[in-house]
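# Overview (structure and organization)
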2 protein chains.
Amino acid sequence: MSIRIGILGYGNLGKGVEYAIAQNDDLSLKAVFTRRDPSTVKIMTKDVPVYSVNDAAAHASEIDVLILCGGSANDLPVQTPEFAKLFNVVDSFDTHARIPEHFANVDKAAKEAGKVGIISIGWDPGLFSLIRMYGNAVLPEGNDYTFWGKGVSQGHSDAIRRVKGVKNGKQYTIPVESALERVRSGENPTLTTREKHTRECFVVPEEGADLAQIEKDIKTMPNYFSDYDTTVHFITEEELIKNHSGIPHGGFVIRTGTTGENNQTKHTIEFNLKLGSNPEFTSSVLCAFARAAYRLNAEGVTGCKTIFDIAPAYLCKQNPDELRAHLL
Amino acid sequence: MSIRIGILGYGNLGKGVEYAIAQNDDLSLKAVFTRRDPSTVKIMTKDVPVYSVNDAAAHASEIDVLILCGGSANDLPVQTPEFAKLFNVVDSFDTHARIPEHFANVDKAAKEAGKVGIISIGWDPGLFSLIRMYGNAVLPEGNDYTFWGKGVSQGHSDAIRRVKGVKNGKQYTIPVESALERVRSGENPTLTTREKHTRECFVVPEEGADLAQIEKDIKTMPNYFSDYDTTVHFITEEELIKNHSGIPHGGFVIRTGTTGENNQTKHTIEFNLKLGSNPEFTSSVLCAFARAAYRLNAEGVTGCKTIFDIAPAYLCKQNPDELRAHLL
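Remember, predicted model here, so these are calculated numbers, not experimental data.

### So, the overall build of chain A
- Per the secondary structure count, chain A includes 11 helices and 14 strands.
- For a compact globule of 328 residues, the expected C-alpha radius of gyration is about 20 Å, and chain A comes in at 22 Å, within 12% of that figure.
- Dimensions of chain A, computed from C-alpha atoms along their principal axes, come out at roughly 65 × 60 × 35 Å.
- For chain A, with 328 residues in total, the buried portion stands at 59%.

### Concerning the relation of the copies chain A and chain B
- Note on the copies: chain A fits chain B at an RMSD of 0.0 Å, the axial shift is 0.0 Å, and the rotation between them is 180 degrees. Such values leave the two copies arranged in the relation of a two-fold axis.
- Comparing interface residues between copies, 100% of those in chain A also lie at the interface in chain B; the contact surface is shared.

### Describing the sheet that holds strand β10 (residues 197-205) of chain A
All names here are of chain A.
- Taken in spatial order, the 4 strands line up as β8-β9-β10-β11 in an open sheet, and their pairing is mixed. The open sheet terminates on both sides in strands that have one partner only, identified here as β8 (151-152) and β11 (229-234).
- Here β8 pairs with strand β9 (residues 166-175) via 2 bridges, running antiparallel. Residue pairing for β9: Gly-151 is matched across the bridge by Thr-173.
- Sheet strands in contact with helix α5 (residues 154-161) are β8, β9 and β10, and its direction is about 145 degrees off that of β9.
- Taken strand by strand, helix α8 (residues 211-219) contacts β9, β10 and β11, and its axis lies near 150 degrees from that of β11.

### Quick word on the side chain of A:Thr34
- Structurally, the position occupied by A:Thr34 is in strand β2 (residues 27-34).
- Sequence-distant contacts of A:Thr34, defined by excluding residues within four places in its chain, comprise A:Val41, A:Val50, A:Tyr51, A:Ser52 and A:Val53.

### Re the interface of chain A and chain B
- Contacts between chain A and chain B engage 62 residues on the former and 62 residues on the latter.
- Interface area for chain A against chain B, summed over the two sides, is near 5500 Å², with a carbon-plus-sulfur share of 65%.
- At the boundary of chain A with chain B, the tally comes to 0 salt bridges.
- Inspection of the region where chain A meets chain B yields 30 residue pairs in polar contact (both at pLDDT 80 or more).
- Among the secondary structure elements, those contributing two or more residues to the side of chain A that touches chain B are α3 (99-113), α4 (127-138), β12 (249-259), β13 (265-275), α10 (278-298) and α11 (320-326) of chain A.
- Broken down by element, the residue count for the side of chain A that touches chain B peaks at 11 residues, all from β13(A).
- Within the side of chain A that touches chain B, the residues separate by chemical class into 33 nonpolar, 18 polar and 11 charged.
- Here β13(A) pairs with strand β13 (residues 265-275) of chain B via 9 bridges, running antiparallel. In the sheet register, A:Glu270 faces β13(B), and the bridge partner there is B:Asn272.

### Section: the sheet that holds strand β3 (residues 50-52) of chain B
All names here are of chain B.
- Taken in spatial order, the 7 strands of this open sheet run β3-β2-β1-β4-β5-β6-β14, and their pairing is parallel. A single partner strand is all that each edge strand has here, and the edge strands are β3 and β14 (303-305). Ignoring strand direction, the axes of neighbouring strands in this sheet form an average angle of 25 degrees.
- Set on the sheet, helix α1 (residues 12-22) makes contact with β1 (3-8), β2 (27-34) and β4 (65-68); between it and β1 the angle comes to about 165 degrees.

### Quick look at the pattern of salt bridges
- Tallied over the entire structure, the rule returns 36 salt bridges over all chains.
- One salt bridge connects B:Glu215 with B:Lys219, and the closest N-O pair in it is separated by 2.9 Å. With B:Glu215 and B:Lys219 both in helix α8 (residues 211-219), this residue pair falls 4 residues apart, about one helical turn.
- Taking the relative accessible area as the measure of exposure, B:Glu215 reaches 26% and is therefore partly exposed.
- Across the pair B:Arg324 and B:Asp321 runs a salt bridge whose closest N-O atoms are separated by 2.7 Å. Of the two residues, B:Arg324 and B:Asp321 are both situated in helix α11 (residues 320-326); the distance of 3 residues between them amounts to about one turn of the helix.
- A network of salt bridges, in which partner residues are shared, links A:Glu177, A:Glu181, A:Arg184 and A:Glu270.

### Topic: α1(B)
- α1(B) sits mainly inside the fold: 8 of its 11 residues count as buried.
- In this fold, the buried residues of α1(B) make contact with β1, β2, β4 and α10 (278-298) of chain B.

### Some remarks on α3(A)
- Between its first and last C-alpha atoms α3(A) spans 21 Å; for 15 residues at 1.5 Å apiece the expected length is 21 Å, and the two agree.
- Turning to α3(A), its buried residues number three or more, namely A:Ile99, A:His102, A:Phe103, A:Val106, A:Asp107, A:Ala109 and A:Ala110.
- Contacts from the buried residues of α3(A) go to α2 (76-83), β6 (116-118) and β14 (303-305) of chain A together with α11 of chain B.
- A:Gly114 sits one or two positions beyond α3(A) and adopts a positive phi of about 75 degrees.

### Some details on unusual backbone geometry
- The step from A:Asp124 to A:Pro125 runs through a cis peptide bond, and the omega angle for that step is 0 degrees.
- A cis amide bond, omega 0 degrees, links B:Gly149 with the succeeding residue B:Lys150.
- If you trace the backbone, B:Lys150 turns up in the loop between β7 (142-148) and β8 (151-152).
- A positive phi angle, close to 50 degrees, is found at B:Asn263, a residue other than glycine.

### Describing the state of the cysteines
Residue and element names in this part refer to chain B.
- Under the criterion given, the structure shown has 0 disulfides over all chains.
- Not engaged in a disulfide, the cysteine Cys-287 finds its nearest cysteine sulfur in Cys-69; these two sulfurs lie 8.3 Å apart.
- There is no disulfide at Cys-316, and the cysteine sulfur nearest it, in Cys-287, is 14 Å away.

Here is what the cut-offs are and how they apply
- Every chain's residues receive numbers from 1 upward, in the order its sequence appears when written.
- Each chain gets a letter, beginning with A, and each ligand a number, beginning with 1, in the order they are written.
- The model is predicted, so local features are restricted to residues of pLDDT at least 70 and side-chain atom pairs to those at 80 or more, both for listing and for counting; the totals for chains, interfaces and linings are taken over all residues.
- Heavy atoms throughout the structure, all of them, feed into the side-chain values; hydrogens and water do not.
- Strands are runs of DSSP state E lasting at least 2 residues, helices are runs of H or I lasting at least 4, and numbering of each runs from the N terminus.
- Just to be clear, the radius of gyration here is over C-alpha atoms, and the globule rule we use is 2.2 Å times residues to the power 0.38.
- Exposure classes here rest on a 1.4 Å probe applied to the protein chains alone. A residue is buried below 20% of its type maximum, exposed above 50%, and partly exposed in between.
- Copies are brought into register by a least-squares superposition over C-alpha atoms of residues with pLDDT of at least 70 in both.
- We call two residues in contact whenever any of their non-hydrogen atoms come within 4.5 Å of each other.
- A pair of strands is treated as paired once DSSP finds two or more bridges between them.
- The axes are straight lines fitted to the C-alpha atoms, using for helices just the contacting stretch, and the angles between their N-to-C directions are given from 0 to 180°.
- Put simply, buried area is how much 1.4 Å-probe accessible surface two parts lose in total, over both of them, once they are put together.
- In what follows, salt bridge is the name for a side-chain nitrogen of Lys or Arg lying within 4 Å of a carboxyl oxygen of Asp or Glu.
- What qualifies as a polar contact is a pair of N or O atoms within 3.5 Å, subject to a donor-acceptor requirement within protein and to the restriction that residues adjacent in sequence count only when both atoms come from side chains.
- Under the scheme applied here, ten amino acids are nonpolar (Ala, Val, Leu, Ile, Met, Phe, Trp, Tyr, Cys and Pro), four are charged (Asp, Glu, Lys and Arg), and all others, including Gly, are polar.
- Take the number of residues in a helix, subtract one, and multiply by 1.5 Å to get its expected span.
- Two cysteine sulfurs form what is called a disulfide whenever their separation falls within 2.5 Å.

In structure tokens:
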């Protein structure tokens, strides 16, 4: 019998979850819930219904885990506590500063309902957090570094598109290779924002727009670009579609530390991701944690959990004997 | 109040544990147990007693967790189940093929005694196993690759020293960079033993020894060298001491996988370690899991556990609120 999954929100992340479920034979998609008119939402999996999110409660008994695929700014702060009253839930809430508050809200709702709510799942927060934690635990005297990219930043791409004279655009965050090398060497550098990442923008201007002004407006934009070395390329809409339609991302977590007599022995722990699609990878991580949510709740666990609280074995389909024999 | 640690076996690993305890202010060394005459064992920490291993039972109430620092071939298969009858224990048992049997023995002893025994802790098995598991869980359609090095293989160094005419020697296992690049590219290559690693030997010959014969004997040695491209350098004892006294190691775990429509989206997960000292790093991991052993047992958990069974938060000194606020 497979674990019955529901998807709430059918954008890039929801579609990614649908693909990921198809790769896991112990998971099955039972329903998609949408805020749109369900008759307008066509999904890929055959014979799976699309319901209005307003009807979710009526289907609570058909779903073991609901994967929430909304955004962190407006959707998840409301949705995750709300749906934790009805379902075991998993989300990818990624506003680092608001995690404690989100945790408290989900914990209260999930405990009252006897459900499990797993929050902030993906790769950062998510797998990167995990590596930061293991790194801190095993090398207590050391330093953490996180670099992002090369990848598309949705927020920075949106910012470009708000500039006057810009028709369309995409922004890549790029880690500075020489900074990565300094970190890997164990030098423990103190790096400024500018030294860690560069930003590369591909901009489709409106006809007759002032290109020099666009470039200046982007490069001097506070918070988004002014603290970085930024490159602006002007391209056509066709080039943007042809060469920049993907949503790749990735990054690096590096922990350097020392051990031994007088702390003279150097060690470097590095974890890096190169993701062809940010939402598809995040979706795959969400599905692994949906499995964990189901199992934990089946054992009687309730309340909010993060990636730090879940023993790794809960994520894998294989039983503990198989895991010890083949992966340990 | 700190967690009271005992060390059993005072070789490189035991000394590494002693250094690591000094880096963790919630751990304190309470005793070292040795098979040697305790009066001949001088440890670094002041005012900590060294006892004969035969007297360990008498000190059970003084120790929260005993870290077993013996070898996997002969010591741990006997010691870990034996001492799990008296103490919460952590070991670095690394004979992959015998893990299921070792697990069963430790599980039985620890459950009967109401203790926790955590086995196979370190980096492989250990952190590498963990990354293999997370990689499998989040990218179920993919391939695993593990490379070791550059680092000293104790077993291969021992094998060199058994060759006729060899006075001393050290062997480095080196991953083949071009193989790493093929794996990282997502090509999913099938790699032979020879294609993954090379072996580099530094040999101090006895006076008048037949160097050509030594080189031939090493390179053709079955199991150890005959399946690899091996390089042999003859050096003096002084050079060996000066340049090859360290015990560095490390390696790479890479998971490549695909997601999305028709599995066309490629992803690469890479974890790598560069360790200045293999035993010191392993010791540091052991100490983090000693903390987990103590906490789990304090919650009433008993029996044998591996790195797969332990929620990451148990490894860290910080409480869950701090972890969520700062590391997630």
